[in-house]
Amino acid sequence: MLHITSLAYAIVIELLPWAPCPLTVAETQLEVRAGVEPAHGPFLVRVLDAIVYPDLPEWLVVGVAVFVCVAILGVYLRRYLRRREDGMW
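Reading the values: the criteria
- Residue positions are counted from 1 within each chain, in the order its sequence is given.
- Reporting in this predicted model follows two pLDDT cut-offs: at least 70 for local features of residues, and 80 or more for side-chain atom pairs to be given and counted; totals over whole chains, interfaces and linings ignore these cut-offs and use all residues.
- Processing note: side-chain calculations cover all non-hydrogen atoms of the structure and skip hydrogens and water entirely.
- Starting at the N terminus, helices and strands are each numbered in turn, a helix being any DSSP run of H or I of at least four residues and a strand any DSSP run of E of at least two.
- Note on classification: 1.4 Å probe, protein chains only; a residue is buried when its accessible area is under 20% of the maximum for its type, exposed when over 50%, partly exposed between these limits.
- Any two residues whose heavy atoms approach within 4.5 Å at even a single point are treated as in contact.
- Take the number of residues in a helix, subtract one, and multiply by 1.5 Å to get its expected span.
- A fitted line through C-alpha atoms represents every axis, and for helices the fit uses only the stretch in contact; the resulting angles, taken between N-to-C directions, go from 0 to 180 degrees.
- Under this scheme an angle from 65 to 115 degrees is roughly perpendicular, one under 35 degrees roughly parallel, and one over 145 degrees roughly antiparallel; angles in between are oblique.
- The handedness criterion is simple: a crossing whose near helix is rotated anticlockwise from the far helix by less than a right angle is left-handed, and one whose near helix is rotated clockwise is right-handed.
- Polar here means any residue other than Ala, Val, Leu, Ile, Met, Phe, Trp, Tyr, Cys and Pro, which are nonpolar, and Asp, Glu, Lys and Arg, which are charged; Gly is therefore polar.

J.: Give a description of the side chain of Glu-31 that names residues and reports values.
T.: Residue position: Glu-31 is located in helix α2 (residues 22-33). Classification of Glu-31 as buried rests on a relative accessible area of 18%. Not counting residues up to four positions away in its chain, the partners in contact with Glu-31 are Val-36, Glu-37, Pro-38 and Ala-39.

Laid out in structure tokens, this is it:
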């Protein structure tokens, strides 16, 4: 149940606008204190996009992440329904 809850949370935070990631806030504050022009956009999206997904639009990265989470959630739902039909739950 905890894993299913974390998947639902991941889908929600990907789709809804939330407060910025703590890493983004910390990075911006440190860059300002160092006299460097702060970078724009979420820290993790910018770093992971540059390393793992070069030259891909952010909407594609977010869309694939949501798709994977929904697919995993579907697997859990299917397994739950099968066990329920078999009388295991």
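J.: Explain helix α4 (residues 58-85) to me, and be specific about the residues and the numbers.
T.: For α4, built from 28 residues, the straight-helix expectation of 40 Å at 1.5 Å per residue is met to within 8% by its first-to-last C-alpha distance of 41 Å. A positive backbone phi angle near 80° is found at Gly-87, which sits one or two residues after α4.

J.: Now, about α2: what can you tell me, with residues and values included?
T.: The end-to-end C-alpha distance of α2, which contains 12 residues, comes to 17 Å, matching closely the 16 Å that a straight helix rising 1.5 Å per residue would cover. Residues of α2 that are buried make contact with α3 (43-51).

J.: Just give me the short version of the packing of helix α1 (residues 2-15) against α4, but keep the residues and values in it.
T.: The description of two packed helices rests on the angle between their axes and on the distance between the axes. It is at 10 Å that the axes of α1 and α4 come closest, and there the two elements cross at 155°. With respect to their mutual orientation, α1 and α4 come out roughly antiparallel. Judged by the sense of rotation from one axis to the other, the crossing of α1 with α4 is left-handed. Within the contact between the two elements, α1 uses His-3, Ile-4, Leu-7, Ala-10, Ile-11, Glu-14 and Leu-15 and α4 uses Val-62, Val-66, Cys-69, Val-70, Ile-72, Leu-73 and Tyr-76. Along the lines of polarity and charge, the residues of the contact of α1 with α4 split into 12 nonpolar, one polar and one charged.

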